[in-house]
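Per-entry structural report
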Amino acid sequence: MQWRDRTQAPEVCLAAAIGWLCLTDEAAPDDLRATVDHLATDERAHVMEALPWMAFAGGSGETGLQRCVRRMLHPEHPEHPEPDDDPWALLL
């Protein structure tokens, strides 16, 4: 598995780990969780916002990468919607 291959660039390992998470319903192995938690830095998350699909995945004050990681690996951490995320807020 490429996310385990330390000869790969960090971005390749992270992309492979996210891909694995998207393609399976299996529980994430501990080393995959550790890889993602280590490689999903704020800097990398902000760089990845240039990808349209990753920017679309973001919201509630999180980048797309941060939101994907939280929802896939840390679902116990609740989402905190910001007022700007509520299209009906202006109508109240």
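Everything here concerns the structure above.
The following refers to the structure shown.

Parameters at a glance
Residues numbered from 1 in each chain as written. Predicted model: local features only at pLDDT ≥ 70, side-chain atom pairs only at ≥ 80, totals over all residues. Heavy atoms only, no water. Core = buried A, V, L, I, M, F, W, Y, C linked by side-chain atoms within 4.5 Å. Buried < 20%, exposed > 50% of the residue type's maximum accessible area, 1.4 Å probe, protein only. Helix = DSSP H or I, 4+ residues; strand = E, 2+ residues; numbered from the N terminus. Contact = heavy atoms within 4.5 Å. Salt bridge = Lys/Arg side-chain N within 4 Å of Asp/Glu carboxyl O. Expected span 1.5 Å × (residues − 1).

1. A few points about the nonpolar core
- Core analysis: the largest hydrophobic core is formed by 19 residues, its most contacted members being Leu14, Leu32, Val36, Leu65 and Leu73.
- Listing elements by their share of this core, those giving two or more residues are helix H1 (10–23), helix H2 (30–39), helix H3 (42–48) and helix H5 (64–73).
- With seven residues, H1 is the largest single contributor of residues to this core.
- When near neighbours in sequence (up to four residues on either side) are disregarded, Leu65 contacts Leu14, Ile18, Ala40, Thr41, Arg44, Ala45, Met48, Glu49 and Met54.

2. Notes on the pattern of salt bridges
- Applying the stated criterion to the full structure yields three salt bridges.
- With a shortest N-O distance of 2.8 Å, Asp31 and Arg4 are connected by a salt bridge. Note that Asp31 is positioned in helix H2 and Arg4 in the segment before H1, a separation of 27 residues in sequence.
- The residue Glu62 makes a salt bridge to Arg70 at a minimum N-O spacing of 2.8 Å.

3. Digging into H1
- In this model, H1 (14 residues) spans 20 Å end to end at C-alpha, consistent with the 20 Å of a helix rising 1.5 Å per residue.
- Restricting attention to buried positions, one finds in H1 the residues Cys13, Leu14, Ala16, Ala17, Ile18, Trp20 and Leu21.
- Check the buried side of H1 and you find it contacts H2, H3 and H5.

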